[in-house]
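Residue strings, one per chain:
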Amino acid sequence: MDHLQEYHVTRGNKDLLLFLPYAVPGFYDKGFFSHTACYLLEVALREIPAVARDWETEVMTFNPPADLPMIHGDRLWERFLREVRRRRPRIVAFSLYGWSSGPSEGAARALRAASPEILLVAGGPEVADREDFVARCDAFDLVIEGDGEAPLAELLQRLAAGGDFDGIPGLSWRTDDGWRHNPVRHGGPPLPIPDVYTPNPQHLAGGAFYLSTRGCNRACKYCQWATQGLRQKDPDQIIREL
C-alpha cells in the first residue's frame, strides 16, 4: 500500500476534510464567488451518509497577498499554517482556477513542509490535463479531474476503510514509483448543482453573488474553466433558492 494511505488521525470519531479556497482580496472575496466550488463539494458530500458518518468538512478561506513570499517566519503565513494545523485535517483540498492556482500551490508547498502527514488534493479547471499538470506542479499528493463530487466521495470512503485508489474515476495519485492515473468515467447524466445558499446563510449578509450555472462557455486562453462545459440550473431550482 502506498504511503499516502498509511496515515490516520482522528478528530473525535471522524476525520476532517478541509477545503482551502483562495479568496482574491477585494471584489472577488464577496459571498460565494471565488470559492463556490468548495461549498458545492461540501454540500454534496454531507448528503452522502457513508461520507457524513466518517468525515467532517469545513471551508476555510485564505487570502495572504498572492505576491507574498512563502518565507519561514513571515507572520501572515505562520498564522495561516497555525490555523490549518490546529484543525488537524487529514485532507486539505484545493479547487484551482486561473486566479487561485499560484497562491494555492504556494500554500500546498508550505503545508507539505510544515505538516507532511496531511494529504493535499487538487481539483478544478486548472487540472483538466492531469498528466501535464503533475509534470508542472509537484505540490499535491492527489489530483481529481472533472466534477469532484463522485470521485472525492469514493476517495473518502476508501480512506476510511483502508482501501486502495484503483478504479476511482478521474483520480491521479503520487506513488513511490511516480504518478498513477485512473481514466475519467464518461457518460451518464450530469450531476445536479447543489444548493449552497440555504446551508450557509452566514455568507449572504451584505449581499452575495448568485450563480445559476456551473462551468463556462468562454474560451479564454489564460483559463481552463471552459473545459468543464456550461450547465444551467433548472428554473424551478433558481426560484426556490432565491
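Everything below is about the structure shown above.
Residues numbered from 1 in each chain as written. Predicted model: local features only at pLDDT ≥ 70, side-chain atom pairs only at ≥ 80, totals over all residues. Heavy atoms only, no water.

Draft legend 1. The pattern of salt bridges, seen in detail. In the structure shown here, the tally under the stated rule is 14 salt bridges. Across the pair E145 and R130 runs a salt bridge, and its minimum N-O distance is 2.8 Å. Of this pair, E145 sits in the loop between β5 (142-144) and α6 (149-161) while R130 sits in helix α5 (residues 130-136), and the two are 15 residues apart along the sequence. The partner of D164 in a salt bridge is R158, and the shortest N-O contact between them spans 3.5 Å. Through salt bridges that share partners, E58, E83, R86 and R87 make up one connected network. (Salt bridge = Lys/Arg side-chain N within 4 Å of Asp/Glu carboxyl O. Helix = DSSP H or I, 4+ residues; strand = E, 2+ residues; numbered from the N terminus.)

Draft legend 2. Quick peek at the nonpolar core. If you look at the biggest cluster of nonpolar residues, it comprises 29 residues, and the most contacted ones within it are L17 and F19. Those elements that place two or more of their residues in this core are β1 (15-19), α1 (36-46), β2 (55-59), β3 (91-95), β4 (119-123), β5, α6 and β6 (171-175). Among the elements that take part in this core, α1 stands out by supplying 6 residues, more than any other. Within the second largest apolar cluster, 26 residues are counted, among which are L81, F133, F140 and V143. (Core = buried A, V, L, I, M, F, W, Y, C linked by side-chain atoms within 4.5 Å. Buried < 20%, exposed > 50% of the residue type's maximum accessible area, 1.4 Å probe, protein only.)

Draft legend 3. Representation of the packing of α1 against α6. Relative orientation of the contacting elements α1 and α6 amounts to 55°, with a least axis distance of 10 Å. On the basis of the axis angle, α1 is oblique to α6. Judged by the twist between their axes, the crossing of α1 over α6 is right-handed. Taking contact as the criterion, the partners of L41, A44 and L45 in α1 are, on α6, E149, L152, A153 and L156. A class-by-class count of the residues in the contact of α1 with α6 yields 6 nonpolar, no polar and 1 charged. (Axes fitted to C-alpha atoms, helices over the stretch in contact; angles between N-to-C directions. Parallel < 35°, antiparallel > 145°, perpendicular 65-115°, else oblique. Left-handed = near helix turned anticlockwise from the far one by under 90°. Contact = heavy atoms within 4.5 Å. Nonpolar A, V, L, I, M, F, W, Y, C, P; charged D, E, K, R; others polar.)

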